[in-house]
Amino acid sequence: MKILFLTYHGFEEASGISKKMLAQVKGLRQNGYEVHICYYDVTAQHEHVRYVDGKAIKNYGRGWWSKLYQRMSYGCVRDYCVEHGIELVYVRCFMNASPFTVRLFRQLRNDGVKAVMEVPTYPYDKEFESLPLKYRVEHIADKLFRRQLASYMNAIVTFSDATEIFGQRTIRISNGVDLDAIPLHSPLTSHQSPIPSGGAGGGLSHLSPLHVIGVAEVHPWHAFDRFVAGLGEYYRQYLTSTTHHLTPNTQHPEIYFHIVGGVPSDLMAKDYMPLIEKYGLQDKVIFHGKLFGEELDKVFDLCCFAVGSLGRHRSGITHIKTLKNREYACRGIPFIYSECDSDFDHQPYVLKAPADESPIDIHQVVSFVRSHHFEPQMIRKTVEHLSWKNQMQQVIEQL
């Protein structure tokens, strides 16, 4: 089978979404399918171009009109499918419903080409309430045309439990993992674990600090602010207010929270800095920005626990199978999250947080980490069946 994997944007080395899409393509190819990747990007010369496998199939030119034009002209995609005998288009679609995408997939159906549309998060409407006006306007257009677009699909791929989305049947799978691309967690011993740059010492000599990691392109629904608030309460309760160091004879270690990924400036100003300043956590919450490769691995290996999404309820979501939970498990590090995820809800290496706005109970996290020992390889074995090879094959079989 010849498959065109269609996305409406380009790929970035540090992007988790980019890595996921490439892993999905790899999974399809591992099952023996011929897969071509169609994407849109802007060149160094500011030209707006649509590509297939790195070869330009349409150059829309430069300037504001070309940026708009590429959202209206998809004839090159249809032409490629017809000329190269594409049998299935797998499209990663999020807020791309328009008269122009509706026309593309109506034409492809008439050409005998099947299509499935992946909706990465569902429901997603509440996510736009706090976003800038530009995205809210695009969301209005999406709501007008998404049911019509879905009608020209053979199915909607979802990571939720929904049996129907936008009036179309769903194929329910889990977010997958690329076992070859994610290294196994190799935690440092206590004498190897340095306080990060800017961190403060002062803990009891026989207690090593605990380092916790959260990886995301941070949005409100990740709710890392709940962990920061919990950290503030933990330090307020167990550390002296005058020195901000561990009180003598305490049994409570210092905790450092490493946030890896971009944090929008408005979110930083509204949700993070006020908490950090209120509790004096400037040396306890470390913002690394975007990391990948060995630099990301180094931070993971410093840490013994990870933080998943803690605020999916803010988006009106209760059940979801997030990519981050699977990546943490693939690395072999225990973690916390608040949504319902049937693949992990009963795993012993998972700590569930309440799906509300309460600060995370850091004492509970410390007790969990101190009272359990999980071998990274053991955790990874629990997600071997979630490989993208297996998940993408389910899509093909259910068509």
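An account of the accompanying structure is given in this report.

So, how was this worked out
- Residues numbered from 1 in each chain as written.
- Predicted model: local features only at pLDDT ≥ 70, side-chain atom pairs only at ≥ 80, totals over all residues.
- Heavy atoms only, no water.
- Helix = DSSP H or I, 4+ residues; strand = E, 2+ residues; numbered from the N terminus.
- Rg over C-alpha atoms; globule rule 2.2 N^0.38 Å.
- Contact = heavy atoms within 4.5 Å.
- Areas by Shrake-Rupley, 256 points an atom, 1.4 Å probe, with all protein chains shown as cover.
- Lys, Arg positive; Asp, Glu negative; His and termini not counted.
- Charge placed at Lys NZ, Arg CZ, Asp CG, Glu CD.
- Phe/Tyr/Trp six-rings, centres within 6.5 Å; stacked < 30°, edge-to-face > 60°.
- Buried < 20%, exposed > 50% of the residue type's maximum accessible area, 1.4 Å probe, protein only.
- Lys NZ or Arg CZ within 6 Å of the ring centre and 35° of its normal.
- Pairing = 2+ DSSP bridges.
- Polar contact = N/O pair within 3.5 Å; in protein donor to acceptor, adjacent residues only side chain to side chain.
- Axes fitted to C-alpha atoms, helices over the stretch in contact; angles between N-to-C directions.
- Parallel < 35°, antiparallel > 145°, perpendicular 65-115°, else oblique.
- Nonpolar A, V, L, I, M, F, W, Y, C, P; charged D, E, K, R; others polar.

The next point concerns the overall build of the protein. For the protein, the helix and strand inventory stands at 12 helices and 15 strands. Relative to the 2.2 N^0.38 estimate, which gives 21 Å for 399 residues, the radius of gyration of the protein is 23 Å and therefore close to what a compact globule would have. With the C-alpha coordinates of the protein rotated into their principal frame, the extents come out at 75 × 40 × 40 Å. Taking contacts inside the protein between residues at least 6 apart in sequence as the whole, the part at least 24 apart equals 71%. Summed over all atoms, the accessible surface of the protein reaches about 17,900 Å², with 52% contributed by carbon and sulfur. Put simply, the protein has 43 plus and 43 minus side-chain charges, and the middle of one group is 5 Å from the middle of the other.

Before going further, it helps to examine the packing of aromatic side chains. Summed over all chains, the structure comprises 24 aromatic pairs. Ring centres of Tyr 39 and Tyr 51 lie 5.2 Å apart, and the angle between their planes is 20 degrees; on these two criteria the pair is classed as stacked. Of this pair, Tyr 39 sits in strand E2 (residues 34-42) while Tyr 51 sits in strand E3 (residues 48-52); the two residues are 12 residues apart in sequence, bridging distant segments of the chain. Judged on exposure class, the residue Tyr 39 and its partner Tyr 51 are both buried. Between Phe 305 and Phe 368, the aromatic rings sit 6.1 Å apart at their centres with planes inclined by 65 degrees, giving edge-to-face as the arrangement. Remark: Phe 368 occurs in helix H10 (residues 362-371) and Phe 305 occurs in strand E13 (residues 305-307); sequence separation between them is 63 residues. Owing to a relative accessible area of 9%, Phe 368 belongs among the buried residues under this scheme. Each residue in the set Phe 300, Phe 305, Tyr 328, Phe 335, Tyr 337, Phe 344, Tyr 349, Phe 368 and Phe 374 is aromatic and connected to the rest through ring pairs, giving one cluster. The ring of Tyr 235 carries the charged tip of Lys 284 above its face, separated from the ring centre by 5.2 Å.

So, on to the environment of Glu 83. Relative to the helices and strands, Glu 83 is located in helix H3 (residues 75-83). Assessed through its relative accessible area of 63%, Glu 83 is described here as exposed. For the pair Glu 83 and Ser 186, spaced 103 residues apart in sequence, the C-alpha to C-alpha distance is 49 Å.

Next up on the list: the environment of Val 116. Inspection of the secondary structure puts Val 116 in strand E6 (residues 114-119). You can call Val 116 buried: its relative accessible area is 0%. When the C-alpha atoms of Val 116 and Glu 13 are compared, they prove to be 26 Å apart, with 103 residues separating the residues in sequence.

What follows deals with the environment of Phe 224. One can find Phe 224 in helix H6 (residues 224-238). Taking C-alpha positions, Phe 224 is 7.5 Å from Ser 309, a pair spaced 85 residues apart along the chain. Every residue in contact with Phe 224, bar those within four places of it in the chain, is listed here: Gly 214, Val 215, Ala 216, Val 218, Phe 257, Ile 259, Tyr 272, Val 307 and Gly 308.

Bringing the pairing of strand E4 (residues 55-61) into the picture now. In summary, the side chains of a regular strand alternate between the two faces of the sheet. Judged from the 5 bridges that link them, E3 and E4 form a sheet pairing that is antiparallel. Looking at the pairing, His 48 lines up with Gly 61 of E4. Linking E3 to E4, which pair antiparallel, is a turn of 2 residues; within it Asp 53 sits at a positive phi near 50 degrees.

A few words on the side chain of Ser 338. By secondary structure assignment, the location of Ser 338 is in the loop between strand E14 (335-337) and strand E15 (350-352). Engagement of the side chain of Ser 338 in a polar contact is seen with the backbone oxygen of Leu 310, the distance being 3.4 Å. In this view, Ser 338 contacts Arg 226, Ser 309, Leu 310, Gly 311, Arg 312, Lys 352, Ala 353, Pro 354 and Ala 355; residues no more than four positions away in its chain are not counted.

As a further point, take the packing of H6 against helix H7 (residues 265-279). Put simply, H6 and H7 touch, their axes get as near as 10 Å, and they point 5 degrees apart. Considering their axes alone, H6 and H7 lie roughly parallel with respect to each other. Each of Phe 224, Asp 225, Val 228, Ala 229, Gly 232, Glu 233 and Arg 236 in H6 lies in contact with H7, whose residues at this interface are Asp 271, Tyr 272, Leu 275, Ile 276 and Tyr 279. Looking at the contact of H6 with H7 residue by residue, the classes come out as 7 nonpolar, 1 polar and 4 charged.

Don't take any of this as a statement about function, it's just geometry.
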